[in-house]
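Chain and residue survey
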Amino acid sequence: MEDKIELKVLGITYNPVQSGAYALLLRELDGPHRIPVVVGVAEAQSIAMRLENIVPPRPMSHDLMVSMFHVFGISLEEVFIYKFSEGVFMSQLQLNDGSKTITLDSRTSDAIALALRTNARIFTTPEIVQKTGILIDVKEEKESLASQAATPLSKLPLEVLQQRLQECVDNEEYERAAEIQKIIKMRGEQAAREDAPGKPSNE
């Protein structure tokens, strides 16, 4: 593993530059680099729900894939982010069925979502870390994360907010539930305004 660097998932943040996208943050396990990976809403939802230990009422695509792995005796041994080209990270899944190991190409967002559900390790190359990694002051990062923890709800996908709302209601955390409901209502009103007839078209 001397030619690979292990990564851990740090979290999901809203991407203010690209509308409708989120940034998956990966951190160098034994180093100061942080790697942002742009992911779509659906992928951000899947990753965020796993990070928050939220169990959906019905299996999501990645949950279904992991169930199929288990049924057929397949284990995900590792995820390898092996290339970065034209702003896109390319990844591989290393799978083993007990008798042979195979490697499959995968979108990085899907690979990470599966790794989180199977506790598979995530690796990349030193070249990718140097090319895409951002040097972070660990102390400042901890302080930033602590300040963000108080108000993370407004940046979460709608589906995750709805799931958290139900959890709060189930746990009788009504004050927290009211806060989440307010955000969901604001999202709905915003969507209604954007879809309202007579709205000037940008096309």
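In what follows, the structure referred to is the one given above.
A brief look at the structure comes next. (Residues numbered from 1 in each chain as written. Predicted model: local features only at pLDDT ≥ 70, side-chain atom pairs only at ≥ 80, totals over all residues. Heavy atoms only, no water.)

One pass over the structure, following the stated rule, counts two aromatic pairs. Seen in terms of ring centroids, Phe80 and Tyr82 are 6.5 Å apart; in terms of plane orientation they differ by 40°. Their pairing is tilted. For Phe80, a relative accessible area of 16% puts it in the buried group. Given the relative accessible area of 28%, Tyr82 is considered partly exposed. On the basis of an interplanar angle of 50° and a centroid distance of 4.5 Å, the ring pair of Phe84 and Phe89 is categorised as tilted. According to the relative accessible area criterion, Phe84 is partly exposed, its value standing at 21%. Here Lys4 stacks its cationic end above the ring of Phe123, 5.9 Å away from the centre of that ring. (Phe/Tyr/Trp six-rings, centres within 6.5 Å; stacked < 30°, edge-to-face > 60°. Buried < 20%, exposed > 50% of the residue type's maximum accessible area, 1.4 Å probe, protein only. Lys NZ or Arg CZ within 6 Å of the ring centre and 35° of its normal.)

A few words now on the nonpolar core. Of all hydrophobic cores here, the largest spans 29 residues; its most connected members are Leu24, Leu26, Leu76, Ile112 and Ile122. Looking at this core, the element that brings in the most residues is helix H3 (residues 108-118), giving six residues. The contacts of Ile122, once residues within four sequence positions are left out, are Ile5, Glu6, Leu7, Val9, Val79, Ile81, Ile112 and Ala115. In terms of nonpolar packing, the next biggest core, distinct from the first, is built from 13 residues, Ala48, Ile54, Leu165 and Ala177 among them. (Core = buried A, V, L, I, M, F, W, Y, C linked by side-chain atoms within 4.5 Å. Helix = DSSP H or I, 4+ residues; strand = E, 2+ residues; numbered from the N terminus. Contact = heavy atoms within 4.5 Å.)

With that out of the way, let us pick up the pattern of salt bridges. Going through the model one piece at a time under the given rule, you end up with seven salt bridges. Residues Glu78 and Lys4 are paired through a salt bridge, measuring 2.8 Å at the closest nitrogen-oxygen approach. Of this pair, Glu78 sits in strand E4 (residues 75-85) while Lys4 sits in the segment before strand E1 (5-14), placing them 74 residues apart in sequence. Residue classification places Glu78 among the buried positions, given a relative accessible area of 6%. When the shortest N-O distance is used, the salt bridge between Arg117 and Asp63 registers 2.7 Å. Of this pair, Arg117 sits in helix H3 while Asp63 sits in helix H2 (residues 61-71), placing them 54 residues apart in sequence. Overall, Arg117 belongs to the buried group, its relative accessible area being 11%. (Salt bridge = Lys/Arg side-chain N within 4 Å of Asp/Glu carboxyl O.)

Below, the discussion takes up the environment of Asn119. Along the polypeptide, Asn119 turns up in the loop between H3 and strand E7 (121-124). Judged by relative accessible area, which is 68%, Asn119 ranks as exposed. Through-space distance from the C-alpha of Asn119 to that of Glu77 is 8.8 Å; in sequence the pair is 42 residues apart.

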